[in-house]
Amino acid sequence: MSIVRTRFAPSPTGYLHVGGARTALFSFLYAKSHKGQFILRIEDTDVERSTKKSEESLLSDLKWLGFDWDEGPDVGGKYGPYRQSERIELYRNYAQKLIDNGKAYFVYAEAEEIEKLRETLISKSKAPHYTREMLESLSTPEKIERYKKEDRQPAIYFSMERKDRVLNDLVKGDVHFGAESVGDFAILRSNGLPTYNFAVVIDDALMDITHVIRGDDHLSNTVKQIALYNALEFKVPQFAHLSTILGPDRARLSKRHGSTSISEYRKRGFLPQAMINYLALLGWSHPELKEILDMKELIESFDLDRVSKNPAIYDEKKLIWMNGQYIRKLSEEELYKVSKPFIVPIFLSEEEYKSSQKWVMSALSSVKNEINELSQLPEKLEVYSKAPEVNYELRKSLEKTGILLIYKALKNLYESMDEWAPQSIALATRQVVKEAKIKPGIFYHTLREILTGKDSGPDLVNLIFLLGRENVVSRLKRFLEA
Ligand code: GLU
């Protein structure tokens, strides 16, 4: 059996979206779970909309997600080049081949003429499908002459054989296309560039792609592509069309449902492991319905037979929850590393980040239960960097009941302690509470309020320890003397 080869073939016309990332993931997983190869190809023949910047950001996001491709524009490979703009000659040769065997033909017509043809068909309540006869009637001898004089090239159209076709899709099952569902279509534009449907077939065939996995918005293209495979006597690959991704309201996924590009999630502080895990569950399920899975487990358990025909529902809330789970699973060191771009320089300087590694690691760990996205770190870490405003109301009531004195005693005790360590802090604090015969719950809650101005946050003893004696004493003093 031939080795499985799958590909992801983005057009560099924008950011990597969650839908694209899911397609890339399923293609990657299918290849890797069959010990095959995964190829990255850049489909940049739409010169007006393709940009280098978009290609760079696509590659960067794909790498960040943890994909490594066996062949691609940056790593090369024996089927290269992997950018369509560098393969134009190939497409022209194959178009010529189709002309030579009568399966394609020249069309000397302006875009407006084709558009007019389309409108005429629609106005007669007919499907806008062109026949060779219709298109060739536009290529009048005068026009052919004019094109030659002006040194312009005609477009090339493929003559679509009208017959019923069945696609045996690995996800959708049998998909039927009636003989009249498509008409003739362009394969090479008059500017000499191939159309998507043509370039994709040449490339998938020449790159020995065995499985084409992509979104089901391409289903109507697939029938054209199969006809091209047949006309060129290429082996037809297997197809797997993935269902659309919808929002929880069953509407097409859009901004309204949350972030939709991978780069936005990167900025918000999502972990690639969490993104991958969540994307894998968009239309696929584990045989034992396990929900928390890393890349290795996904590769071990992925197959197309568990990919659903039904639309996948994208629920950002679940992704956020999952990211929180992954953040909490990180070791102190891992958390320290991935947090850097989120806290430097907002919370501390590069210099401090390096010189106080131990303290930073503990501070990050102390707030990790409170966040689901790393970009929430600076706000949660503020307890360490910002002394709160004095709460006068609270102060007044503590004074009235005499409890203020207890905090004064606590401050004095903190000042006189030999050693500033979590254990001794816990011990000293407990001793004060005990002597004052005050309800511990209320006492600790109020202490937190005095020290941070907040009613929840990191474990109190740990917080006091990490704040450091000087800060703790000065915050207490400010409150007591206000
Ligand atoms: N460049 C196409 C796209 O981004 C690729 C589709 C395919 O996988 O065939 O939609």
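What comes next is a walk through the structure. Keep in mind that what you see is a predicted model, and the values were worked out from it rather than measured. All residue numbers refer to position in the chain's written sequence, counted from 1. Only residues with pLDDT of at least 70 get local features here, since the model is predicted, and only at 80 or more are side-chain atom pairs given and counted; chain-wide, interface and lining totals rely on the full set of residues. Hydrogens and water are ignored here; the side-chain numbers use all heavy atoms of the structure.

Thoughts on the sheet that holds strand β4 (residues 155-158)
The test is simple: Strands are labelled as partners when DSSP assigns at least two bridges between them. What counts as a helix is a DSSP run of H or I of at least four residues, what counts as a strand is a run of E of at least two, and both are numbered from the N terminus. Every axis in this analysis is a line fitted to C-alpha atoms, fitted for helices over the stretch in contact. Angles between the N-to-C directions lie between 0 and 180 degrees.
Spatially, the three strands line up as an open sheet ordered β3-β4-β7, and their pairing is antiparallel. Each edge of the open sheet carries a strand with a single partner, namely β3 (104-107) and β7 (185-188). Averaged over all neighbouring strand pairs, the angle between strand axes comes to 45°, with direction disregarded. Note that β3 and β4 share four bridges and pair antiparallel. Bridge pairing links F106 to I156 in β4.

Here we look at empty space enclosed by the protein
Keep this limit in mind: Points on a 1 Å grid over protein atoms alone make up a cavity when a 1.4 Å probe fits among them but cannot get out, and a pocket when they form an open set with protein on both sides within 12 Å along at least five of seven lines; lining residues each have an atom within 4 Å of a point. Grid points are joined across faces, edges and corners, and a volume is the space filled by probe spheres set on the points.
Tallying each qualifying case throughout the model produces one cavity of 30 Å³ or more. In terms of lining, the largest cavity is formed by P388, E389, V390, N391, L394, E449, I450, R475, R478 and F479. Ranked by the residues each element gives to the lining of the largest cavity, the list is headed by helix α22 (residues 469-480), at three residues.

Things to note about the site of the ligand
Inclusion rule: One heavy atom within 4 Å of a molecule or strand is enough for the residue carrying it to be called near that molecule or strand. Residues adjacent in sequence count toward polar contacts only when both atoms are side-chain atoms; beyond that, a polar contact is any pair of N or O atoms within 3.5 Å, and within protein one must be able to donate a hydrogen and the other to accept it. The accessible surface values rely on the Shrake-Rupley method and a 1.4 Å probe; as for residues, cover is taken only from the protein chains in view. Assignment of a molecule to a cavity or pocket requires that more than half of its atoms lie within 2 Å of the corresponding grid points. The residue classification treats Ala, Val, Leu, Ile, Met, Phe, Trp, Tyr, Cys and Pro as nonpolar and Asp, Glu, Lys and Arg as charged. All others, Gly included, are polar.
Every residue close to the ligand is listed here: R7, A9, S11, E43, Y196, V200, R214 and H218. The separation between a nitrogen atom of the ligand and a polar main-chain atom of A9 is 2.8 Å. When the ligand sits alone it has 290 Å² of accessible area, and the protein chains cover 79% of it. Judged by the fraction of its atoms near the pocket grid, the ligand is located in the largest pocket. Here the shell around the ligand is built from residues that sort into three nonpolar, two polar and three charged.

Looking at the pairing of strand β9 (residues 238-242)
Our working definition: Partly exposed residues are those whose accessible area sits between 20% and 50% of the maximum for their type, while under 20% is buried and over 50% is exposed, using a 1.4 Å probe and protein chains only. For the handedness criterion, the strands are oriented away from the viewer, and a crossover whose path from the first strand over the helix to the second runs clockwise is classed as right-handed.
Burial within β9 is extensive, with four of its five residues counted as buried. Between strand β8 (residues 211-215) and its parallel partner β9, the chain crosses via helix α8 (residues 219-231), and the hand of that crossover is right-handed.

A word on the side chain of R448
Quick note on the threshold: Counting rule applied: Lys, Arg positive; Asp, Glu negative; His and chain ends not counted. For salt bridges, the criterion is a side-chain nitrogen of Lys or Arg within 4 Å of an Asp or Glu carboxyl oxygen. The contact criterion used is simple: two residues touch if any of their non-hydrogen atoms lie within 4.5 Å.
Turning to its location among the elements, R448 is positioned in helix α20 (residues 440-452). Of the side chains bearing the opposite charge, D459 lies closest to the buried R448, which forms no salt bridge; the N-O distance is 6.4 Å. At a separation of 2.8 Å, a polar atom in the side chain of R448 contacts the main-chain carbonyl oxygen of P458. When near neighbours in sequence (up to four residues on either side) are disregarded, R448 contacts G453, K454, D455, S456, G457, P458, D459, L460 and L463.

A short note on the packing of helix α7 (residues 196-206) against α8
Angle between the axes and distance between the axes: these two values describe a pair of packed helices. Let me state the cut-off plainly: Our angle categories are set so that under 35 degrees counts as roughly parallel, over 145 as roughly antiparallel, 65 to 115 as roughly perpendicular, and the remainder as oblique. Crossing handedness follows the turn of the near helix against the far one: under a right angle anticlockwise gives a left-handed crossing, and clockwise gives a right-handed one.
Running from N to C, α7 and α8 point in directions that differ by 55°, and their axes come no closer than 9 Å. The angle between α7 and α8 falls in the class oblique. Helix-helix and strand crossings are classified by hand; for α7 and α8 the assignment is right-handed. Across the interface between the two elements, Y196, N197, F198, V200, V201, D204 and A205 from α7 touch N221, K224, Q225, L228 and Y229 from α8.

A short note on the packing of aromatic side chains
The following threshold applies: Note on ring pairs: Phe, Tyr and Trp rings are taken, using the six-membered ring of Trp, and paired if centres are within 6.5 Å. Classes follow the plane angle, with under 30 degrees stacked, over 60 edge-to-face and the rest tilted.
Applying the stated criterion to the full structure yields 18 aromatic pairs. Seen in terms of ring centroids, F28 and F38 are 5.4 Å apart; in terms of plane orientation they differ by 85°. Their pairing is edge-to-face. Taken together, the positions of F28 in helix α1 (residues 18-33) and F38 in strand β2 (residues 37-40) put the pair ten residues apart, joining distant regions of the chain. You can call F28 buried: its relative accessible area is 3%. Accessibility expressed as a relative area gives 1% for F38, which makes it buried. For the pair F443 and Y444, a centre-to-centre distance of 5.6 Å together with 80° between the ring planes defines the contact as edge-to-face.

Here we look at the nonpolar core
Rules: Buried Ala, Val, Leu, Ile, Met, Phe, Trp, Tyr and Cys residues that are joined via side-chain atoms within 4.5 Å together make up what is termed a nonpolar core.
Of all hydrophobic cores here, the largest spans 101 residues; its most connected members are I343, Y414 and L447. Within the second largest apolar cluster, 40 residues are counted, among which are Y82, L98, A199 and L232.

Considering the pairing of strand β1 (residues 5-8)
Judged by which residues are buried, β1 turns out to be covered on both faces: R5 and R7 on one side and T6 and F8 on the other are all buried. Two elements, β1 and β2, share four bridges in a ladder whose sense is parallel. Bridge pairing in β2 links R5 to Q37. Read from β1 through α1 to β2, the crossover connection turns out right-handed.

With respect to the layout of surface pockets
Its boundaries defined by the atoms lining it, the largest pocket holds a volume of some 950 Å³. Around the largest pocket sit 32 residues that line it, and G19, G20, T23, D217 and H218 are the ones nearest its centre. Every element with two or more residues in the lining of the largest pocket is listed here: β1, α1, α7 and β8. Taken together, the residues that form the lining of the largest pocket break down as 13 nonpolar, twelve polar and seven charged. Here the second largest pocket defines a volume of roughly 430 Å³. Lining the second largest pocket are 21 residues; nearest its centre among them are I114, Y130, Y157, F185 and A186. Broken down by element, the residue count for the lining of the second largest pocket peaks at three residues, all from helix α4 (residues 111-123).

Some words on unusual backbone geometry
Of the consecutive residues G80 and P81, the connecting peptide bond is found in the cis state with omega at 0°. In the segment running from V344 into P345, the intervening peptide bond is cis, with an omega of 0°. For P345, the position within the fold is in the loop between α13 (332-343) and α14 (350-355). In this structure, L289 takes a positive phi of about 60° despite not being glycine. Even without glycine at this site, K437 takes up a positive phi of about 50°. Inspection of the secondary structure puts K437 in the loop between α19 (422-436) and α20. The class for K437 is exposed, based on a relative accessible area of 76%.

A look at the pattern of salt bridges
Taken as a whole and judged by the stated rule, the model has 34 salt bridges. Measuring nitrogen to oxygen at the nearest pair gives 3.9 Å for the salt bridge that ties E110 to R146. Of this pair, E110 sits in the loop between β3 and α4 while R146 sits in helix α6 (residues 141-149), and the two are 36 residues apart along the sequence. Residue classification places E110 among the partly exposed positions, given a relative accessible area of 22%. Taken together, the salt bridges that share partners define one network made up of R7, R41, E43, R87, D203 and D204.

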